[in-house]
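# Results of the structural survey
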Amino acid sequence: MRTNTGQTIHLEDYRPTDFVLERVDLTFELDPKETKVEARLIFHRREGVSPAAPLVLDGDELRMTGLLLDQVEIPPTHFDATDDTLTIRGLPETAPFEITITTLLSPETNTKLMGLYRTNNVYCTQCEAEGFRRITYFPDRPDVLAVYTVNIIADKATTPLLLSNGNHLGGADMGDGRHFAAWFDPHPKPSYLFALVAGDLGVVEDTFTTASGRTVALRIYVEHGKEAGASYAMDALKRSMKWDEEVFGREYDLDIFMIVAVSDFNMGAMENKGLNVFNDKYVLADPETATDADYANIEAIIAHEYFHNWTGNRITCRDWFQLCLKEGLTVFRDHEFSADMRSRAVKRIAEVRHLKSEQFPEDAGPLAHPVRPTKYREINNFYTTTVYEKGSEVTRMIATILGRDLFKKGMDLYFDRHDGQAVTIEDFVACFEDASGRNLKQFSLWYHQAGTPLVTASGSYDADKQTFSLSLEQTVPPTPGQSTKEPMHIPLRLGLLLEDGSEAKAASVSGADITEDVIHLTKRKQTVLFSGIPSRPVPSLNRGFSAPINLHIEQSPGDRALIARHEIDLFARWQALNAIALDNLVAATTQARNGQPVVCDNALVAGLIAAAADDRLEPAFRSQALTLPSESDIAREIGSDNDPDAIHTGRQQILAGVAAAGRDTFNRLMDDMAAPGPFSPDATSAGRRALRNSALSFLVYGDKGPERAAEAFRAANNMTDLSIALTLLAHRFPDAKETAEALAHFKQRFADNALVIDKWFAIQATVPGPRTLDRVKTLMSDPLFNGNNPNRVRSLVGTFAFSNPTGFNRADGEGYRFLARQILDIDPRNPQLAARILTSMRSWRSLEKVRSDHARNALAEIAGAANLSADVSDIVDRMLE
Ligand code: ARG
Ligand code: ZN
């Protein structure tokens, strides 16, 4: 029994609306149970459209109590209102007309967190992608741009603050205990960028003076009493505004910019025009409660949403297939911003780790889809790491291929040519072609072909001729709906290192186009010949991760170690160390699975310890070097027939090997990296903490008892150190009394701070091993857990499923059955959240047979359930296809 399976929408079916929307006037009379919305919409029929064509508007779970045409009631014979559309016939042939729609909403019972809902007694909206149709009937699609006026009426005592997009026009007391406020947004926008927030909130205020000298009022709204926690976000906002002026030449365009932090939110944040709404997790931070990772996330997400003002809002998407037009580009912009604020190399390493651990598995599994998809059943399921992160990598490759100046010229042309429009990926790419004179047709396959390309490389040196020949072959694996692929344009940055670590300068290069250190792979097979190479070189390929590919090259640990020691590109050094580690970890998995002793490679140990001890390198980099590939990285590398227990055992043994060999170095780092002064969240201090904690982790791995970890827990004076110490205790010594005490202490200390309690849930949800499932179940009945709050659910259930390979993938399949029950429980309340957490099973086919059988059965149980949402049924169907 299935309902709500959703229609498939196809890109090729796109056509513009029959009617042009000129203006929108909205009046909200807010009430938790019954909010009245009056929408006055001015339309005219588009030229050439048949006079008989009806107006068809989108709706979702609406109660309509009034419908007028030019202030006169429309007779029932002239319209049909169904669950998801309102069709109105007999409309004027050419003259503009006004449709007035009255709807009644119940924000309090809106648990889907789409449309208008309540969170902590605050009214709040989320309209992207299709939430506006839950407020009123509307042409709810991104290519319908209009100017909005919004009037908000609410009880003055409980709802003193009334916010919407644009500039505040005014407001007044209504004399009956209510008040109103009016807002006007002069910039035409699609409905997904509409926002309304109303309630009783505290505020932090500041100003920013733009490059042209205008003063912009900045406001961040948070719960009363939490104002101090917004100061880092405010600082990040001002830095973002300045950076976008300096780097992309983009100035802010309203008199006021507002951010509101709310505690119930399905995603990270939302870029509504002039009124960004944030998951409070990405706004609030102080040393006592936020980790260095939290600070970095806040900086990046504040920037991301702000940058959308130009890439997304001023220039938006023609349809939702073009989502990467705004998301991929804006992620690229926030990556560049963070790279400029922090260490570029360390930022790049973190990005690539994230890309490989999240996007590569998506691209290799049943949910793989192109960066620019051509069909979808539920658009919410396409806010994916492929659209966002791979989309960003594709933008980065355009910059690599064109070079800095031409990329900038292309961006300027894009802003110039398309400001105020809703456009496509083709429009975007054309700007770079026009600005550079380059043909990007083959390159555009990156938008259309799913799957991570595999490049296989092998080199041979001819000492007599002093030539080095590099053979490269690319294949793009088949993905759902795309069985055969064309060769792609892959920009591969490379260097040839000589034995002394210096870089060989080739006298000439043939066999591929080459610009600076980029070779352009465009054919299935290509051999590149470098001449004038004095001795056998070691190729360092895909410097800076210039292309999001899998790379296979036969390279000895010794050659890799040479790269790790001498590359001028720090990212490439990390990449080489990582490759040595991954080879060793894959071998360790096999050894563990066969019951053989696990052998720790000397090149690995030496490389890691040398990087850790190298004081010429920045601490944040050394910490990254010390972070071994995760268990899911190893699983992805192995690819099929995975046994998570063997991966875990093998990896633990390697950790123990490194811990033993590096003890002196790690002890020295504990002293050297101790904080010289009071806490500061800046990148340099964070890097020192990271390196010190990496050293501590290895030391604790070598420990027999919990004393050192317990001492670190007691000594911690910031959340980074505290949460790492607690993690070490819980993961390494799950049964020690010190661990139980620390967990209890942490809980008691932070019981009134839900965001910190989320860390407490997550740390326990990731304790390795089969017993953690029971712990997760117990924690779900803890009074601090709340199954209706997305952050709580993600931190406990989501973290368990996504980030606990041995716990979730219990050989008896109980982990999957647990998840299936959770999905079916969450789905009726919040389908988006359910669907998102279900994607944790996207790699189920790569498990060994016993587990994959259990996984399939659990998925089938979900698929067979009654009344599944379109969100969950879309995901589960694709996973079982
Ligand atoms: N546009 C938001 C961003 O900054 C994401 C919003 C997605 N929301 C959703 N319900 N699908 O990335
Ligand atoms: Zn975004």
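Note that the coordinates shown come from a computational prediction; the quantities given were computed from them, not determined experimentally.

## Side note on the overall build of the protein chain
Helix and strand content of the protein chain: 27 helices and 33 strands. For 881 residues, the compact-globule formula gives about 29 Å, and the C-alpha radius of gyration of the protein chain, at 28 Å, lands near that figure. Relative to its full complement of 881 residues, the protein chain shows a buried share of 59%. Across the protein chain, the fraction of contacts at a sequence separation of at least 24, relative to all contacts at a separation of at least 6, is 71%. When the accessible surface of the protein chain is split by element, carbon and sulfur atoms take 50% of a total near 33,600 Å². Once the 94 positive and 121 negative side-chain charges of the protein chain are each reduced to a mean point, those two points are 3 Å apart.

## What to know about helix α3 (residues 323–341)
Since the α-helix turns once every 3.6 residues, residues separated by three or four places project in the same direction. With 19 residues, α3 extends 27 Å from end C-alpha to end C-alpha; this agrees with the ideal 27 Å at 1.5 Å per step. Of all 19 residues making up α3, 17 are buried, and the element is well covered by its neighbours.

## Here's the deal with the packing of helix α11 (residues 602–613) against helix α14 (residues 644–661)
Relative orientation of the contacting elements α11 and α14 amounts to 55°, with a least axis distance of 10 Å. Taken together, the axes of α11 and α14 are oblique relative to one another. Note on packing geometry: the crossing formed by α11 with α14 is right-handed. The segment α11 lies against α14, with L604, V605, L608 and I609 engaging I654, V658 and A661. Across the contact of α11 with α14, the residue classes break down as seven nonpolar, no polar and no charged.

## Some points on the packing of helix α9 (residues 557–566) against helix α10 (residues 570–593)
Relative to each other, α9 and α10 sit at 150°, their axes nearing to 7 Å. Taken together, the axes of α9 and α10 lie roughly antiparallel to each other. Of the two possible hands of crossing, α9 and α10 adopt the one that is left-handed. For the pair α9 and α10, contact is made by P557, R560, A561, I563, A564, R565 and H566 and by A572, R573, A576, L577, A579, I580 and D583, respectively. A class-by-class count of the residues in the contact of α9 with α10 yields nine nonpolar, one polar and four charged.

## Here we look at the sheet that holds strand β10 (residues 115–119)
As summarised here, the arrangement of the four strands in space is β10-β11-β16-β13, forming an open sheet in which the pairing is antiparallel. Edge positions in the sheet fall to β10 and β13 (161–164), since each has one partner strand and no second. Between one strand and the next, the sheet's axes are offset by a mean angle of 15°, whatever the strand orientation. Both strand β11 (residues 122–126) and strand β16 (residues 196–199) contribute to a ladder of two bridges, which runs antiparallel. Paired with C124 across the bridge in β16 is V197.

## Section: empty space enclosed by the protein
Following the criterion strictly, the structure yields five cavities of 30 Å³ or more and no others. Approximately 70 Å³ is the volume attributed to the largest cavity. In terms of lining, the largest cavity is formed by R353, K356, W574, N578, L582, P629, D633 and R636. Examining the composition of the lining of the largest cavity, we find that three residues originate from one element, α10, more than from any other. Considered class by class, the residues forming the lining of the largest cavity number three nonpolar, one polar and four charged.

## Considerations on the sheet that holds strand β7 (residues 79–81)
Strand order in the open sheet made by the three strands is β4-β8-β7, with antiparallel pairing throughout. Sheet topology places β4 (55–58) and β7 at the edges, where each strand pairs with a single neighbour. Going from strand to strand, the sheet's axes swing by 10° on average, the running direction of each strand aside. Summarising the sheet, β4 and strand β8 (residues 85–88) pair through four bridges and their orientation is antiparallel. Residue pairing in the sheet places L57 in a bridge with L86 of β8.

## A closer look at the coordination of the zinc ion (ligand 2)
Note on the zinc ion (ligand 2): its protein donors are H304 (NE2), H308 (NE2), E327 (OE) and E327 (OE). The metal-donor distances range over 1.9 to 2.8 Å. Positions of the donor residues of the zinc ion (ligand 2), expressed as sequence spacing, correspond to H-x3-H-x18-E. In this pair, H304 sits in helix α2 (residues 292–307) while E327 sits in helix α3, placing the two residues 23 residues apart along the sequence. Here H304 and E327 have matching classes, each one buried.

## Thoughts on the environment of Q653
Considering the arrangement of structural elements, one finds Q653 in helix α14. For the pair Q653 and A592, spaced 61 residues apart in sequence, the C-alpha to C-alpha distance is 9.1 Å.

## Some remarks on the packing of aromatic side chains
Tallying each qualifying case throughout the model produces 39 aromatic pairs. Plain terms: the ring middles of Y414 and F415 are 5.9 Å apart, the flat faces sit at 55° to each other, and that makes the pair tilted. Each of the two residues, Y414 as well as F415, counts as buried. Through a chain of ring-to-ring contacts, the aromatic side chains of W243, F248, Y252, F257, Y306, F307 and F337 assemble into a single cluster. In this structure, R318 packs its charged tip against the face of Y14, placed 3.7 Å from the ring centre.

## Re the site of ligand 1
Close to ligand 1 lie 16 residues, the nearest being E128, E271, E305, E327 and Y388. One of the side-chain N or O atoms of E271 is found 2.7 Å from a nitrogen atom in ligand 1. Contact distances for ligand 1 include 3.3 Å between a nitrogen atom and a side-chain N or O atom of K326. Coverage of ligand 1 by the protein amounts to 97% of the 340 Å² it exposes when considered alone. Every element with two or more residues in the shell around ligand 1 is listed here: β20 (269–270), α2 and α3.

## Focus: the nonpolar core
A general feature of soluble globular proteins is that nonpolar side chains tend to end up buried together. Residues I99, F194, V283, Y414 and F428 are the most contacted members of the largest nonpolar core, which totals 162 residues. Those residues in contact with I99 that lie beyond four places of it in its chain are A39, R40, L41, F43, L55, L67, L68, L69, I74, I88 and L91. Residues I563, A564, A635 and A742 belong to the second largest nonpolar core, which totals 99 residues.

## Observations regarding the side chain of D25
Tracing the backbone shows D25 in strand β2 (residues 19–29). Side-chain polar atoms of D25 contact the side chain of R23, separated by 3.1 Å. Discounting chain neighbours no more than four positions away, the residues touching D25 are E38, A39, R40, T149 and N151.

Conventions and cut-offs
- Residues numbered from 1 in each chain as written.
- Chains lettered and ligands numbered in written order.
- Predicted model: local features only at pLDDT ≥ 70, side-chain atom pairs only at ≥ 80, totals over all residues.
- Heavy atoms only, no water.
- Helix = DSSP H or I, 4+ residues; strand = E, 2+ residues; numbered from the N terminus.
- Rg over C-alpha atoms; globule rule 2.2 N^0.38 Å.
- Buried < 20%, exposed > 50% of the residue type's maximum accessible area, 1.4 Å probe, protein only.
- Contact = heavy atoms within 4.5 Å.
- Areas by Shrake-Rupley, 256 points an atom, 1.4 Å probe, with all protein chains shown as cover.
- Lys, Arg positive; Asp, Glu negative; His and termini not counted.
- Charge placed at Lys NZ, Arg CZ, Asp CG, Glu CD.
- Expected span 1.5 Å × (residues − 1).
- Axes fitted to C-alpha atoms, helices over the stretch in contact; angles between N-to-C directions.
- Parallel < 35°, antiparallel > 145°, perpendicular 65-115°, else oblique.
- Left-handed = near helix turned anticlockwise from the far one by under 90°.
- Nonpolar A, V, L, I, M, F, W, Y, C, P; charged D, E, K, R; others polar.
- Pairing = 2+ DSSP bridges.
- 1 Å grid on protein atoms, 1.4 Å probe; cavity = no way out; pocket = protein on both sides within 12 Å on 5 of 7 lines; lining within 4 Å.
- Points joined across faces, edges and corners; volume = space filled by probe spheres on them.
- Donors = N, O, S within 2.8 Å, 3.2 Å for Na, K, Ca; no water.
- Phe/Tyr/Trp six-rings, centres within 6.5 Å; stacked < 30°, edge-to-face > 60°.
- Lys NZ or Arg CZ within 6 Å of the ring centre and 35° of its normal.
- Near = heavy atom within 4 Å.
- Polar contact = N/O pair within 3.5 Å; in protein donor to acceptor, adjacent residues only side chain to side chain.
- Core = buried A, V, L, I, M, F, W, Y, C linked by side-chain atoms within 4.5 Å.

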